[in-house]
Amino acid sequence: MTNHVDLAAKAAAFADLHTPAAPLALANAWDVASARIVAAAGAPAVATTSAGVAWSLGSPDGDALARDRALDLIARVVAAVPVPVTADIEGGFGADAAAVGETVTGVLAAGAVGINIEDGHRDPAEQIERLAAARAAADAAGVPLYINARIDTYLRGFGEDATRLDDTLARAAAYLRAGATGVFVPGVLDPDTVAELAKGIDAPLNVLLGPDAPTVAALGTLGVSRVSLGSWVAEAAYAVVRRAAEELISEGTYGALAHSLPYGELNDLLKG
C-alpha cells in the first residue's frame, strides 16, 4: 500500500524542482529501462511520455490506451527509480470528471507525485471540471499532487494568431483556479511569446523542447521553470530500429548500431 505521508513529502520536493533559475529538465521515459537510464544520467525526476508509453504497449497515442495498462506501467516505473515520477495521463483516461478523479487515485496508488493532463479539443469549461476532480482526488489522499495542465492552443493551432496568447493566458488562469499546479504550453518556442507566457502565468511554465529549441538555460532566462523532451526520445529510439532494419535488409551492413549502449551496462541497470 502506498504511504501517502512519504508520497506527500516526495510531491513537495518535486514541486520545489520547478524554478527558472535552474529549470527542471525532463527527458521523458516510456518503460522501466528508459526510466532507469534517465535516472542514472543524474535526472532529479522522471517523467513519462504518453505517446512512448502507448507505443510500447501496442496502442496509438491519444486516449486509446486502457487506463489499467497505463497505471501498471506507471507503477513499474515508480518502483524502478529512486527519484520522483510524474506521469503523462493524456486527457485523464476517463470519459468524465469523475473518471479522471478515479484515474488520479490510481496514479497516487502507483506512487507517482505528478501528472500531465491535456485539454486537447475539449471545451475549457469541461477541462476545468476534470482538473477540479483531479485535485479533489489528490486532496482526499492528502498528497499535493503536481498537476501540470497542458494547454494545446499553440500545439494544435486553435483560434486566430492574434488572440492565441490571450486565449492561452485565460485558460491558464482558469485551470490554476481549478487546482492545477503548473501550466504546460507545448508548440511554442518563440522567445518573445515564451516570455509573455511566463510573465502572464502565475505558476511554473513548462515548454516542450525539440532539436531546434533554445538551450535550457536560455529558456530559464525567459521565465520557464520546466522543459520536456516529450515523445522525441522515444521517436529517436524507434528511428534507430528502423535505420538498423532497413540497413540490414537493403545493404547487409550494421552501421546504425555503432552508438549502442553496451550490453553489460544496460543489463546492470536492470539488476537493481
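Thresholds, definitions, all that
- Residues numbered from 1 in each chain as written.
- Predicted model: local features only at pLDDT ≥ 70, side-chain atom pairs only at ≥ 80, totals over all residues.
- Heavy atoms only, no water.
- Phe/Tyr/Trp six-rings, centres within 6.5 Å; stacked < 30°, edge-to-face > 60°.
- Helix = DSSP H or I, 4+ residues; strand = E, 2+ residues; numbered from the N terminus.
- Buried < 20%, exposed > 50% of the residue type's maximum accessible area, 1.4 Å probe, protein only.
- Axes fitted to C-alpha atoms, helices over the stretch in contact; angles between N-to-C directions.
- Parallel < 35°, antiparallel > 145°, perpendicular 65-115°, else oblique.
- Left-handed = near helix turned anticlockwise from the far one by under 90°.
- Contact = heavy atoms within 4.5 Å.
- Nonpolar A, V, L, I, M, F, W, Y, C, P; charged D, E, K, R; others polar.
- Pairing = 2+ DSSP bridges.
- Lys, Arg positive; Asp, Glu negative; His and termini not counted.
- Salt bridge = Lys/Arg side-chain N within 4 Å of Asp/Glu carboxyl O.
- Right-handed = clockwise from strand over helix to strand, strands pointing away.

**Let's talk about the packing of aromatic side chains**
Under the defined criterion, the tally for this structure stands at three aromatic pairs. Consider the rings of W30 and Y238, whose centres lie 6.4 Å apart with planes at 40°: the pair is tilted. Of this pair, W30 sits in the loop between strand 1 (24-26) and helix 2 (32-40) while Y238 is found in helix 10 (residues 232-250), placing the two residues 208 residues apart along the sequence. By relative accessible area, which is 11% here, W30 ends up buried. Seen in terms of ring centroids, W55 and Y238 are 6.4 Å apart; in terms of plane orientation they differ by 70°. Their pairing is edge-to-face. One end of the pair, W55, is in helix 3 (residues 50-56); the other, Y238, is in helix 10, with 183 residues separating them in the sequence. Of the aromatic side chains, those joined through ring pairs into one cluster are W30, W55 and Y238.

**Examining the packing of helix 7 (residues 161-178) against helix 8 (residues 191-200)**
Axis separation between helix 7 and helix 8 bottoms out at 10 Å; the angle between their running directions is 30°. In terms of their interaxial angle, helix 7 and helix 8 are classed as roughly parallel. Crossing angle aside, the handedness with which helix 7 passes helix 8 is right-handed. Where helix 7 abuts helix 8, its residues L165, T168 and L169 lie against E196, L197 and G200. Residues of the contact of helix 7 with helix 8, tallied by class, amount to three nonpolar, two polar and one charged.

**Here's the deal with the packing of helix 2 against helix 4 (residues 67-80)**
Orientation of helix 2 relative to helix 4, taken along the N-to-C sense of each, is 35°, at an axis distance of 9 Å. In terms of crossing hand, the pair formed by helix 2 and helix 4 is right-handed. From helix 2, V32, A35 and R36 reach across to helix 4, where they touch R76, V77 and A80. For the contact of helix 2 with helix 4, the residue count by class is four nonpolar, no polar and two charged.

**Details of the sheet that holds strand 6 (residues 182-184)**
Read across the sheet, eight strands follow the order 1-8-7-6-5-4-3-2 without closing on themselves; strand pairing throughout is parallel. Of all strands in the sheet, those with a lone pairing partner are strand 1 and strand 2 (46-47), marking the two edges. Of the pairings in the sheet, the one linking strand 6 to strand 7 (residues 205-208) comprises two bridges and is parallel in character. By the bridge assignment, V183 is partnered in strand 7 with L205.

**So, the pairing of strand 3 (residues 85-88)**
Here strand 3 shows two buried faces, one formed by V85 and A87 and the other by T86 and D88. Across two bridges, the pairing between strand 2 and strand 3 is parallel. Along strand 3, the bridge assignment pairs A47 with T86. Examined bridge by bridge, strand 3 and strand 4 (residues 114-118) share three bridges and lie parallel to one another. Each residue of the ladder has a partner; that of D88, found in strand 4, is N116.

**Points about the environment of D212**
Among the secondary structure elements, D212 is positioned in the loop between strand 7 and helix 9 (216-221). Accessibility expressed as a relative area gives 78% for D212, which makes it exposed. Spatially, the C-alpha atom of D212 lies 9.2 Å from that of L189, the residues being 23 residues apart in sequence.

**Points about the side chain of R135**
Relative to the helices and strands, R135 resides in helix 6 (residues 124-141). For the buried R135, which has no salt bridge, the nearest side chain bearing the opposite charge is D139, at an N-O separation of 4.4 Å.

**Side note on the pairing of strand 5 (residues 146-150)**
Successive residues of a regular strand alternate their side chains across the two faces of the sheet. Counting buried positions over the five residues of strand 5 gives five, a clear majority of the element. Both strand 4 and strand 5 contribute to a ladder of five bridges, which runs parallel. Considered in strand 5, the bridge of I115 is made with I147. Taken together, strand 4, helix 6 and strand 5 form a β-α-β motif whose crossover is right-handed. Bridge count between strand 5 and strand 6: three bridges; the pairing is parallel. By the bridge assignment for strand 6, A149 is matched with V183. Where the polypeptide runs from strand 5 across helix 7 and back to strand 6, its parallel neighbour, the crossover connection is right-handed.

None of this, on its own, says anything about what the molecule does.
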